[in-house]
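# Structure at a glance
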Amino acid sequence: MKLPLSWLAEFVAFPKGINVEKIVAAFVKVGFEVEGVENPADNIKGPLVVGRVKEIEELTEYKKPIRYVGLDCGEKSTRYVICGATNFSVGDLVVVALPGAILPGGFAISARETYGKTSNGMICSARELGISDDHNGIIVLQNKSIKVGSPALDVMGVNDPIIDIAVNPDRGYAMSVRGAARELAMALGVEFKDVNSKALVNSLEKKKKRGKVTPVLIADKTGADRIYLRSLQDVNPLSPTPEWMARRLTQAGMRPISVAVDVTNYVMLEMGQPLHAFDSGKISGTLRVQRAGKVKEIVTLDNQKRKLDPKDLLIADDKKPLALAGTMGGLDSEVTEFTVGIALEAAHFDAKAIAQNSRRHILSSEASRRFERGVDPQLAELASARAALLLIEYAGAKYVGTASKVIAPIKKRTVKVSAQEISNLIGCNYSDKEVQLALTKVGCNLKKVGKVWNVTVPTWRPDLNLLSDFAEEVARFYGYDRIPSILPAVKPAPSGASGLTPIQQRKRAMALSLANKGLVEVHNYPFVSAAQMELFGFTGDRAKTFRIANPMSEEAPLLRTHLTPGLLATAARNLARGETSVALFETGLVFRNTEKLPSVANIETAKKPSPAQIKKIYESVPKQALHIGGVIAGDFVSSGWWGKGRKADWLDCLSLVEDLITATGNSFTVHNVELAPWHPGRCAEFRVNGKPIAHAGEIHPRISAALSLPERTVAFALIVDGIPFSAPVKAEPVVTMPAAIQDISLFVNQDVAASEVEAALVSGAGELLESIQLFDRFQKPGEDQVSLAFSLVFRAPDRTLTSDEVSALRQAAGAAAEKACKATIRS
């Protein structure tokens with residue numbers, strides 16, 4: 001929210017001599033982040049004056065418009081400059097930069113020869129002065145009484161610091177100059193000069209004339225609880241927006257458009273109430289607040305045809321939709337240069353309804369952002385009266401009356417709090433008088449009943465509901481630096497150990513292992529779309545996800561059930577931006593809706609929840625498994641002076657997973673499975689104690705093609721917290737006896753996994769088997785038998801094994817494989 005200092009000064013009684021730094025500090029004190037302070041005048045040096053156009057010579061020999069302009073700048077002689085703009089005439093007042101001036105960007109002005117003439121200065125546009133992005137023409141001052149030669153910066157009010165504050169979603173009351181000024185006055189301890197609401201409305205009613213008033217109706221009472229429709233006639237839509245208003249709109253980051261639009265925008269920025277001006281001549285019958293229902297579409301002011309959801313909240317008349325309520329007006333009822341009557345609408349819409357409008361149509365506007373955060377219901381009457389008076393003054397309008405509809409009076413909200421409760425919650429002592437002062441400055445009315453305050457909440461603070469809300473107001477009023485910094489006591493672990501938990505250690509070790517192998521860690525949002533779920537072919541538990549109640553984007557409203565959608569999308573994005581190969585990994589939680597979760601009622605924050613409540617809270621949260629996954633697309637080894645590289649294949653992923661599981665101290669078996677999103681026949685499943693723990697392999701070609709990934713892109717995913725924690729590894733004694741090595745080759749059916757054969761050999765070989773390794777696999781085309789060759793290493797701790805002993809051990813291992821896997825030992 002950009003706040004010109006001159007505008008704030010209309011509401012805050014600043015003490016003499018206050019500087020911008022103190023004002024910034026005051027905003028920070030009451031919890032606002034100041035994103036920046038800018039003053040265009042700081043970037044302009046040297047002479048900048050008001051000049052009157054005396055004569056214009058058109059230089060027609062050039063392809064583009066070029067003018068040689070004579071100016072009266074309050075000097076003894078006429079000053080001549082070259083100008084390419086055509087939006088001014090003889091007699092107009094313009095802004096002239098004289099030689100020696102330096103404009104934003106270090107642009108120095110000097111006399112120079114151009115187009116065969118001497119240009120002794122420059123006529124300036126708003127963009128050249130850095131006060132707006134408008135470069136459609138040079139600045140033409142409307143006030144003809146300004147003395148030529150006057151300092152232009154003073155005349156235009158450019159020397160006006162603009163403070164840019166960030167407004168949190170729960171503080172919508174500060175999304176206006178008036179609201180921010182109220183907070184600033186509180187922080188500085190000075191008077192807040194508020195608007196006299198009653199006098200403002202009465203002033204408008206005194207100007208009332210006879211005429212036709214457009215009727216209004218709230219057809220859907222869940223969408224709005226009050227609306228005011230002020231009717232104005234004899235409007236001159238071509239009247240210029242006053243310079244002071246256009247300047248403030250520009251300072252606040254909005255572009256002046258027309259007097260009707262500018263007045264509604266100005267009042268919205270000033271008071272926080274969005275308004276909309278309808279051409280009353282285009283309204284058929286009654287203007288009403290309603291749901292879209294059977295209305296199929298609307299063309300909004302941005303000239304976009306939008307398909308309507310039956311639940312969309314609209315402003316409509318008897319025949320057609322006129323606007324997306326609280327979001328954007330419709331093109332059919334737009335105020336144009338032919339408009340003579342205006343229906344000025346101000347309503348208090350339901351915040352949820354406007355938020356849904358905005359998200360369904362991916363349309364965030366200045367109006368919707370305010371309504372979503374909550375607008376003071378009292379503002380509709382006040383702001384519409386303010387805007388109507390401005391239109392009367394600057395557009396020649398005639399006020400003929402107001403139609404209004406109020407569903408119910410504004411209810412006063414009262415909350416009971418005590419100084420002791422607030423002190424206990426903050427961890428700092430505040431007296432009754434301090435609490436009373438702080439909450440009164442916020443706008444609350446307090447009445448003492450015993451040791452408790454009955455606090456009546458102001459209408460512009462819908463965020464004040466719980467004890468913690470009032471405690472926050474007290475804390476920020478007196479400053480967070482008053483709260484002592486005390487480190488919480490650390491409860492020692494039962495074992496006396498401290499530091500990372502075992503799962504944290506495992507997570508860090510796995511991430512470090514992958515990074516050491518050349519993979520780059522990424523962090524993706526845990527949100528996916530239904531289209532992604534369908535593309536990846538997830539079924540069973542992996543298809544059971546959660547829909548987010550208030551998603552960041554309607555394009556991705558679901559929580560992920562697997563890491564691969566985000567990883568593959570990130571790989572595709574990096575490849576599309578110039579990378580030739582990527583190797584990425586991510587550690588994160590996945591969410592699966594596999595069990596019914598109990599609901600938990602709101603728990604008060606005034607005291608610590610009981611153990612039973614804490615247990616229910618955790619039970620209501622879905623299990624979130626910790627996964628680690630990776631993707632390799634393109635080269636696994638890059639080519640260079642060291643030699644030719646090679647493409648990644650699925651064995652690379654298998655090797656990564658094997659290392660990760662082995663590092664945990666667990667043994668595993670590998671099985672061939674078919675599981676999306678991997679290619680059938682090229683997906684390995686790792687099992688620990690018979691439980692699937694990881695999958696690795698080649699991504700299905702259909703998915704790779706849809707995401708524009710290279711062929712044979714590979715990926716893996718592993719359940720980090722699904723692997724058992726093994727006992728600490730104990731070092732085996734070093735055996736000095738020589739090893740005996742025996743090879744054994746077997747035929748098995750192709751459906752038998754090598755890991756099953758290996759397990760059978762181990763069980764038959766006995767305790768003297770030190771290690772076993774598969775070193776060859778062969779299968780003739782068309783045959784269903786596979787040859788597997790293993791190397792067996794035997795060693796006794798106390799003697800050298802004889803050849804007969806080793807042969808017997810080899811035969812025992814082979815016999816176990818024959819029995820368990822129906823293997824045939826090759827001679």
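Here we summarise the structure given alongside this text. (Residues numbered from 1 in each chain as written. Predicted model: local features only at pLDDT ≥ 70, side-chain atom pairs only at ≥ 80, totals over all residues. Heavy atoms only, no water.)

The next thing to look at is the overall build of the chain. Assigned secondary structure in the chain consists of 21 helices and 42 strands. In summary, the chain has a C-alpha radius of gyration of 38 Å against a globular reference of 28 Å for 827 residues, an excess of more than 25%. Taken over the C-alpha atoms alone, the chain extends approximately 120 × 85 × 60 Å along its principal axes. Residues classed as buried in the chain amount to 45% of the 827 residues present. Contacts in the chain between residues at least 24 apart in sequence constitute 70% of all its contacts with a sequence separation of at least 6. For the chain, the computed accessible surface area is about 42,600 Å², with 52% contributed by carbon and sulfur atoms. (Helix = DSSP H or I, 4+ residues; strand = E, 2+ residues; numbered from the N terminus. Rg over C-alpha atoms; globule rule 2.2 N^0.38 Å. Buried < 20%, exposed > 50% of the residue type's maximum accessible area, 1.4 Å probe, protein only. Contact = heavy atoms within 4.5 Å. Areas by Shrake-Rupley, 256 points an atom, 1.4 Å probe, with all protein chains shown as cover.)

A few words now on the nonpolar core. In terms of nonpolar packing, the biggest core is built from 111 residues, with Phe27, Leu232 and Phe349 touching the most fellow members. Looking at which element gives the most residues to this core, the answer is helix H10 (residues 379-395), with 12 residues. If sequence neighbours within four positions are ignored, Leu232 has contacts with Val340, Gly341, Ile342, Leu344, Ala388, Leu391, Ile392, Ala397, Lys398, Tyr399 and Val400. (Core = buried A, V, L, I, M, F, W, Y, C linked by side-chain atoms within 4.5 Å.)

This part covers the sheet that holds strand S40 (residues 769-778). One key point about sheets: their strands pair by backbone hydrogen bonds, in either a parallel or an antiparallel sense. If you walk across this open sheet you meet the 4 strands as S40-S41-S39-S42, and the pairing is antiparallel. Either end of the sheet is taken by a strand with one partner, and the two such strands are S40 and strand S42 (824-825). Here S40 pairs with strand S41 (residues 785-794) via 8 bridges, running antiparallel. Looking across to S41, one finds that Leu774 is bridged to Phe790. Most of the contacts of helix H20 (residues 754-765) go to S41, to which it runs at about 35°, and overall it touches strand S39 (740-749), S40 and S41. (Pairing = 2+ DSSP bridges. Axes fitted to C-alpha atoms, helices over the stretch in contact; angles between N-to-C directions.)

Further remarks concern the packing of helix H12 (residues 432-442) against helix H13 (residues 467-478). It is the contact of H12 with H13, at a shortest axis distance of 9 Å, that shows an interaxial angle of 95°. For the element pair H12 / H13, the angle class is roughly perpendicular. Counted together, Lys433, Glu434, Val435, Leu437, Ala438, Leu439, Lys441 and Val442 of H12 and Phe470, Glu473, Val474, Phe477 and Tyr478 of H13 form the full contact between these two elements. Broken down by class, the residue content of the contact of H12 with H13 amounts to 9 nonpolar, no polar and 4 charged. (Parallel < 35°, antiparallel > 145°, perpendicular 65-115°, else oblique. Nonpolar A, V, L, I, M, F, W, Y, C, P; charged D, E, K, R; others polar.)

In this section: the side chain of Asp164. Take Asp164: it is sitting in strand S13 (residues 162-166). One buried charged side chain, Asp164, makes no salt bridge at all; its nearest oppositely charged neighbour is Lys2, positioned 5.1 Å away. At a separation of 3.4 Å, a polar atom in the side chain of Asp164 contacts the main-chain amide nitrogen of Met1. Setting aside residues no more than four positions away along its own chain, Asp164 makes contact with Met1, Lys2, Glu33, Val34, Glu35 and Gly36. (Lys, Arg positive; Asp, Glu negative; His and termini not counted. Salt bridge = Lys/Arg side-chain N within 4 Å of Asp/Glu carboxyl O. Polar contact = N/O pair within 3.5 Å; in protein donor to acceptor, adjacent residues only side chain to side chain.)

Looking at the secondary structure, you find Glu243 in helix H6 (residues 243-251). Apart from residues lying up to four places away in sequence, Glu243 is in contact with Val140, Leu141, Gln142 and Asn143.

Okay, the pattern of salt bridges next. Enumeration according to the criterion identifies 37 salt bridges in this entry. Here Arg171 ties to Glu183 by a salt bridge, and the two come within 3.2 Å at their closest N and O atoms. Of the two residues, Arg171 is situated in the loop between S13 and helix H4 (177-188) and Glu183 in helix H4; the sequence distance between them amounts to 12 residues. Each member of the pair, Arg171 as well as Glu183, carries the same accessibility label: buried. A salt bridge links Arg795 to Glu770, with the nearest nitrogen and oxygen atoms 2.7 Å apart. A residue pair is termed long-range when its members are at least 10 positions apart, and Arg795 in the loop between S41 and helix H21 (803-821) and Glu770 in strand S40 qualify at 25 residues. Overall, the relative accessible area of 22% leaves Arg795 in the partly exposed class. Owing to a relative accessible area of 44%, Glu770 belongs among the partly exposed residues under this scheme. A cluster of three or more residues bridged by salt bridges with shared partners is formed by Arg171, Glu183, Arg461, Asp463, Glu473 and Arg476.

The interhelical angle for the contact between helix H11 (residues 419-426) and H13, taken along N-to-C directions, is 80°, at an axis separation of 9 Å. The angle between H11 and H13 places the two elements in the roughly perpendicular class. Residues Glu421, Ile422, Leu425 and Ile426 of H11 form the contact with H13, whose own contacting residues are Leu467, Ser468, Ala471, Val474 and Ala475. For the contact of H11 with H13, the class distribution of residues is 7 nonpolar, 1 polar and 1 charged.

Okay, H21 next. Across its 19 residues, H21 extends 27 Å between first and last C-alpha, which sits within 8% of the 27 Å expected from 1.5 Å per residue. The inward-facing, buried residues of H21 contact S39, H20, S41 and S42. (Expected span 1.5 Å × (residues − 1).)

Strand order in the open sheet formed by 7 strands is S28-S31-S32-S38-S37-S36-S35, and the pairing between neighbours is mixed. Pairing within the sheet leaves two strands with one partner each, and these edge strands are strand S28 (520-521) and strand S35 (669-672). As judged from the 4 bridges shared by S35 and strand S36 (residues 678-688), these two strands associate in the antiparallel manner. Directly across from Thr669, in S36, lies its bridge partner Arg687. Contacts from helix H16 (residues 564-576) reach strand S31 (582-591), strand S32 (624-633) and strand S37 (691-699) within the one sheet, and its direction differs from that of S31 by about 150°.

The subject of this paragraph is H10. For H10, spanning 17 residues, the distance from its first C-alpha to its last is 23 Å, which sits close to the expected 24 Å at 1.5 Å a residue. Buried residues dominate H10, accounting for 13 of its 17 residues. One or two positions beyond H10, positive phi appears at Gly396, with a value near 65°.

This structure, assessed with the given rule, holds 14 aromatic pairs. Plain terms: the ring middles of Phe11 and Phe192 are 6.4 Å apart, the flat faces sit at 20° to each other, and that makes the pair stacked. Taken as a pair, Phe11 in the loop between helix H1 (5-8) and helix H2 (20-29) and Phe192 in the loop between H4 and helix H5 (197-205) lie far apart in primary sequence, 181 residues in all. For Phe192, a relative accessible area of 21% corresponds to the partly exposed category. Taken together, Trp7, Trp244, Tyr266 and Tyr394 form an aromatic cluster joined through their ring pairs. Positioned above the aromatic ring of Trp460, the side-chain terminus of Arg182 is 3.9 Å from the ring centre. Stacked on the ring of Phe725, the Lys or Arg Arg506 has its end atom at 3.9 Å from the ring centre. (Phe/Tyr/Trp six-rings, centres within 6.5 Å; stacked < 30°, edge-to-face > 60°. Lys NZ or Arg CZ within 6 Å of the ring centre and 35° of its normal.)

Now for a nonpolar patch on the surface. A contiguous nonpolar patch, built from Phe636, Val637, Trp641 and Trp642 and spanning about 510 Å² of accessible area, is present on the exposed surface. As for its placement among the helices and strands, Phe636 is situated in strand S33 (residues 635-637). (Patch = residues over 30% accessible without salt bridge, like charges linked within 9 Å, V, L, I, M, F, W, Y side chains within 5 Å.)

Within the secondary structure layout, Lys822 lies in the loop between H21 and S42. For Lys822, a relative accessible area of 73% puts it in the exposed group. Each C-alpha atom of the pair Lys822 and Val748 lies 6.8 Å from the other, and the pair is 74 residues apart in sequence. If near-sequence neighbours (up to four positions away) are discounted, Lys822 is found in contact with Phe747 and Ala817.

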